[in-house]
Amino acid sequence: MANGQWYPPEWPDRIRALADGSLTPVTPRRAATVMLLRDPGPAVHMLRRRTSMAFAGGAYAYPGGGVDPRDDDRDIGWAGPTRAWWADRLGVDEASAQAIVCAAVRETYEEAGVLLAGPAGDRVVGDTTGADWEADRAALVARDLSFAEFLDRRGLVLRSDLLGAWARWITPEFEARRYDTWFFVAALPEGQRTRNASTEADRTVWTTPAEAAAGYDRGELLMMPPTIATLRALTEYDTAAGALAAAAGRDLTPVLARARLEDGGIVLSWPRHDEFTQHVTTTETGGAPA
């Protein structure tokens, strides 16, 4: 294929079913993902999803996952912009804003071992690789422990000021698994280090956005449209701090793919992202679109 765009084989049939009314779109689940950066570069931390995964197996992505409903309205330690500020920025109510930001911080800890929290609003925890930290991380992954309970147990406050909202993408209506995902950017805190802590990934890398985008263009790295789109946007910045500062001005209008039947085939398009337009013929069963 010409590039590394992830393309599920079942899309054509599902698109036709959506068009003829025999498929009812699944309600997307709220989710958050974090582009963790470090200098020099800056480099971004990415993981490769196991090929056995039902959703985007083999694709490169960032640490992230679904929102835990238990984080909607719990009283948690919080530092940085207020929940009201985040609600306005993310385009949701305050409870949802808290849950989305919590998901971003929790998933980064669960999948990369990096925790954007500290004992006070001007501090961040150091090394989190000890056995006691790992026990709490495993309990979070298993959902035996909520993030609010974890912060309370540790006497920590969430550092929302270390995050910048970057983009919002919604999985197409014809997909069986759908997510309404907010993309965030953050800098790797001093004293912490990443590791492959995810059971969903078989590899993790630090790579510059330009290097990763080039790998995608050569067809060597498989990625979903939101991943490569955000990588391309990050190539404009020379430092992690520069990218984080730029987040405040980013457009968070949701990107939702459109599909239409045309001349016996299917045309897929993503608003404001023409590079992902795909023409799928009636004879295709998936893989590389025409």
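Use the structure listed above.
Predicted model only: the values in this text are computed from it and were never measured.

Asker: Just checking my understanding: could you explain the side chain of Q98 for this structure?
Answerer: One can find Q98 in helix α3 (residues 94-112). At 3.0 Å, the side chain of Q98 and the backbone oxygen of D71 are in polar contact.

Asker: Explain the packing of helix α6 (residues 209-217) against helix α7 (residues 225-234) here, please?
Answerer: Between two packed helices, what matters for the description is the angle formed by their axes and the separation of those axes. Closest axis-to-axis distance for the α6/α7 pair is 8 Å, and the angle between their directions is 135°. Classed by the angle they form, the pair α6 and α7 counts as oblique. Crossing geometry of α6 relative to α7 is assigned as left-handed. Along the contact surface, α6 presents P209, A212, A213, Y216 and D217, while α7 presents I228, L231, R232 and L234. Each residue belonging to the contact of α6 with α7 can be placed in one class, and the counts come to 7 nonpolar, no polar and 2 charged.

Asker: Honestly, the pattern of salt bridges in this entry has me stumped. Any pointers?
Answerer: Pairing between side chains of opposite charge can happen when the charged atoms of each approach one another. Summed over all chains, the structure comprises 19 salt bridges. Across the pair R70 and D68 runs a salt bridge whose closest N-O atoms are separated by 2.8 Å. Take R70: its relative accessible area is 31%, and that puts it in the partly exposed class. On the basis of relative accessible area, D68 is assigned to the buried category, the value being 7%. Residue D136 pairs with R153 through a salt bridge whose shortest N-O separation is 2.8 Å. Highlighted residues: D136 in helix α4 (residues 131-141) and R153 in helix α5 (residues 147-154), separated in sequence by 17 residues. Given the relative accessible area of 7%, D136 is considered buried. Residue classification places R153 among the exposed positions, given a relative accessible area of 55%.

Asker: Whenever I open this one, the pairing of strand β13 (residues 265-269) confuses me. Can you help?
Answerer: Along a regular strand, successive side chains alternate from one face of the sheet to the other. Counting buried positions over the 5 residues of β13 gives 5, a clear majority of the element. Burial of β13 is two-sided: the residues G265, V267 and S269 facing one way and the residues I266 and L268 facing the other way are all buried. One ladder, built from 5 bridges, connects strand β12 (residues 258-262) with β13; its direction is antiparallel. Residue pairing for β13: R260 is matched across the bridge by V267. Connecting the antiparallel pair β12 and β13 is a turn made up of 2 residues, with D263 showing a positive phi of about 55°. Across 3 bridges, β13 lies against strand β14 (residues 278-280) in antiparallel orientation. Note that in β14 the partner of I266 across the bridge is V280.

About the thresholds
Residues numbered from 1 in each chain as written. Predicted model: local features only at pLDDT ≥ 70, side-chain atom pairs only at ≥ 80, totals over all residues. Heavy atoms only, no water. Helix = DSSP H or I, 4+ residues; strand = E, 2+ residues; numbered from the N terminus. Polar contact = N/O pair within 3.5 Å; in protein donor to acceptor, adjacent residues only side chain to side chain. Axes fitted to C-alpha atoms, helices over the stretch in contact; angles between N-to-C directions. Parallel < 35°, antiparallel > 145°, perpendicular 65-115°, else oblique. Left-handed = near helix turned anticlockwise from the far one by under 90°. Contact = heavy atoms within 4.5 Å. Nonpolar A, V, L, I, M, F, W, Y, C, P; charged D, E, K, R; others polar. Salt bridge = Lys/Arg side-chain N within 4 Å of Asp/Glu carboxyl O. Buried < 20%, exposed > 50% of the residue type's maximum accessible area, 1.4 Å probe, protein only. Pairing = 2+ DSSP bridges.

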